[in-house]
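# Notes for the structure review
So the chains spell out like this:
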Amino acid sequence: MTDKTRANVSVDAGLMQEARGLGLNLSALLEERLREEVALRRRAAWREENRGAIADANAYLAKHGLWSDGLLQF
């Protein structure tokens, strides 16, 4: 189990009332969506940080191909 911390968030009152009426767990939903957003932003940051290396690798492959080019028979 991971450590949990309390956080105060502001939520539209009507939306919160409807969510409670539907039996939704705000903490679980927020944590799940927050994990998704953090992962999305980490991937985007990694791609940006490695943009040059990816471009270089793609250029190298475009020029030289893969070692397995011509070996696959399907």
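Presented here is a report on the structure given in the accompanying data block. (Residues numbered from 1 in each chain as written. Predicted model: local features only at pLDDT ≥ 70, side-chain atom pairs only at ≥ 80, totals over all residues. Heavy atoms only, no water.)

## Observations regarding the pattern of salt bridges
Applicable threshold: Criterion for a salt bridge: a side-chain nitrogen of Lys or Arg within 4 Å of a carboxyl oxygen of Asp or Glu. Helix and strand assignments follow DSSP, with helices taken as H or I runs no shorter than four residues and strands as E runs no shorter than two, numbered in order from the N terminus.
Under the defined criterion, the tally for this structure stands at six salt bridges. A salt bridge links Arg33 to Glu36; its shortest N-O distance comes to 3.9 Å. Placement of both Arg33 and Glu36 in helix H2 (residues 26-49) is noted, with a separation of three residues, approximately one turn of the helix. Where Arg41 meets Glu37, a salt bridge forms, and the shortest distance between an N and an O atom there is 2.7 Å. With Arg41 and Glu37 both in helix H2, this residue pair falls four residues apart, about one helical turn. Through salt bridges with shared partners, a single network forms among Arg33, Glu36, Glu37 and Arg41.

## Examining the layout of surface pockets
Let me state the cut-off plainly: Both cavities and pockets are sets of points on a 1 Å grid over the protein atoms alone; in a cavity a 1.4 Å probe fits but cannot get out, in a pocket the set is open with protein on both sides within 12 Å along at least five of seven lines, and lining residues sit with an atom within 4 Å of a point. Grid points are joined across faces, edges and corners, and a volume is the space filled by probe spheres set on the points.
In this structure, the largest pocket occupies an estimated 540 Å³ of space. Forming the boundary of the largest pocket are 15 residues, of which Thr5, Ala7, Ser27, Leu30 and Glu31 lie nearest the centre. For the lining of the largest pocket, the element with the highest residue contribution is H2, accounting for seven residues.

## Topic: a nonpolar patch on the surface
In plain terms, the rule: Patches here are clusters of residues that have more than 30% relative accessible area and form no salt bridge, with a 9 Å joining cutoff for like charges and a 5 Å cutoff for nonpolar side chains (Val, Leu, Ile, Met, Phe, Trp, Tyr). Methods summary: accessible areas were calculated by the Shrake-Rupley approach with a probe of 1.4 Å, and residue burial reflects only the protein chains presented.
Together, Val9, Val11, Leu15, Leu26, Leu30, Leu34 and Val38 give the surface a local cluster of nonpolar side chains, amounting to about 570 Å² of exposed area. The dominant element in the nonpolar patch, judged by the number of residues it contributes, is H2, at four residues. Here Val11 shows up in the segment before helix H1 (13-21).

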